[in-house]
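Close look at the chain arrangement
Below, each chain spelled out in residue letters.
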Amino acid sequence: MDDLVIDIITTILSVVIGGLIAIYTSNLVNRKMLKKEHTLDLLKKVKELLSEWSYDVLEDSVEFTQCSSIDKYKGYHLSLSLRALINIFETNPSILMNFKVEFTEIRNKDIQVQILASKNKESLLVLSEKYGTKDPMIMLEKEDVNQILEEQISKNTEIFEGTWALIAKIDKHIAEKIL
């Protein structure tokens with residue numbers, strides 16, 4: 001009888017301990033899966049915003065030709081995608097630390113473009129007075145105007161290429177570390 005009670009107690013304890021181990025490992029696996037899922041979702045969002053930002057940069061490159069008058073030329077605008085990226089990188093530093101250096105480099109180039117665009121706008125306004133026209137299409141016929149715009153387009157192209165290089169790095173990270 002004592003052996004039967006001991007066997008029953010042992011069986012009950014084994015089942016309880018086995019159940020607790022199963023629950024613990026299940027929770028551990030679920031936490032890891034949730035972390036991977038969160039990281040993957042965040043990286044997908046970063047890739048989407050980088051892509052949008054790269055096309056915003058390209059639009060800035062052709063904005064001059066789309067203006068009806070040189071007075072309406074903005075020269076540069078801070079992309080909503082870039083604003084969102086800045087917030088994401090600031091609020092998720094541990095997840096995005098592998099990409100922070102590249103993002104900072106691209107962002108610094110963007111700041112340089114902002115400064116350059118401001119100077120270029122002033123130069124273009126002076127040139128519009130020199131040539132007696134506010135029409136961007138007529139101004140494009142002038143070599144000094146083209147030189148100013150080509151420099152800015154070159155810097156924008158660097159940003160565009162940098163964003164796509166970062167997207168490729170994120171894709172590689174996803175393939176090697178997450179999936």
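Residues numbered from 1 in each chain as written. Predicted model: local features only at pLDDT ≥ 70, side-chain atom pairs only at ≥ 80, totals over all residues. Heavy atoms only, no water.

A word on the overall build of the protein chain
Here is the rule: Helix and strand definitions follow DSSP, with helices as H or I runs of at least four residues and strands as E runs of at least two, each counted in order from the N terminus. For this measure, only C-alpha atoms enter the radius of gyration; the expected value for a globule follows 2.2 Å times N^0.38, where N is the number of residues. Each residue gets one of three labels from its accessible area relative to the maximum for its type: buried under 20%, exposed over 50%, partly exposed in between, using a 1.4 Å probe on protein chains only. In short, Shrake-Rupley with a 1.4 Å probe defines the accessible areas, and a residue's cover is counted only from the protein chains shown.
Within the protein chain one finds 6 helices and 0 strands. Counting from the amino terminus, the protein chain carries its helices and strands in the arrangement α-α-α-α-α-α. Relative to the 2.2 N^0.38 estimate, which gives 16 Å for 179 residues, the radius of gyration of the protein chain is 28 Å and therefore markedly larger than a compact globule would have. When the backbone C-alpha atoms are referred to their principal axes, the protein chain occupies close to 110 × 25 × 20 Å. Evaluated residue by residue, the protein chain yields a buried proportion of 33% over its 179 residues. When the accessible surface of the protein chain is summed, it comes to about 11300 Å², and 60% of that surface belongs to carbon and sulfur atoms.

Points about the pattern of salt bridges
This is how it is decided: Basic side-chain nitrogens of Lys or Arg form a salt bridge, by our definition, when they fall within 4 Å of a carboxyl oxygen of Asp or Glu.
Evaluated as defined, the whole model comprises 7 salt bridges. Close ionic contact of Glu102 with Lys169 constitutes a salt bridge, the shortest N to O distance being 2.5 Å. Here Glu102 is found in helix H4 (residues 100-131), whereas its partner Lys169 is found in helix H6 (residues 143-178), with 67 residues between them in sequence. Among the residues examined, Glu102 registers a relative accessible area of 24% and is labelled partly exposed. Residue classification places Lys169 among the partly exposed positions, given a relative accessible area of 32%.

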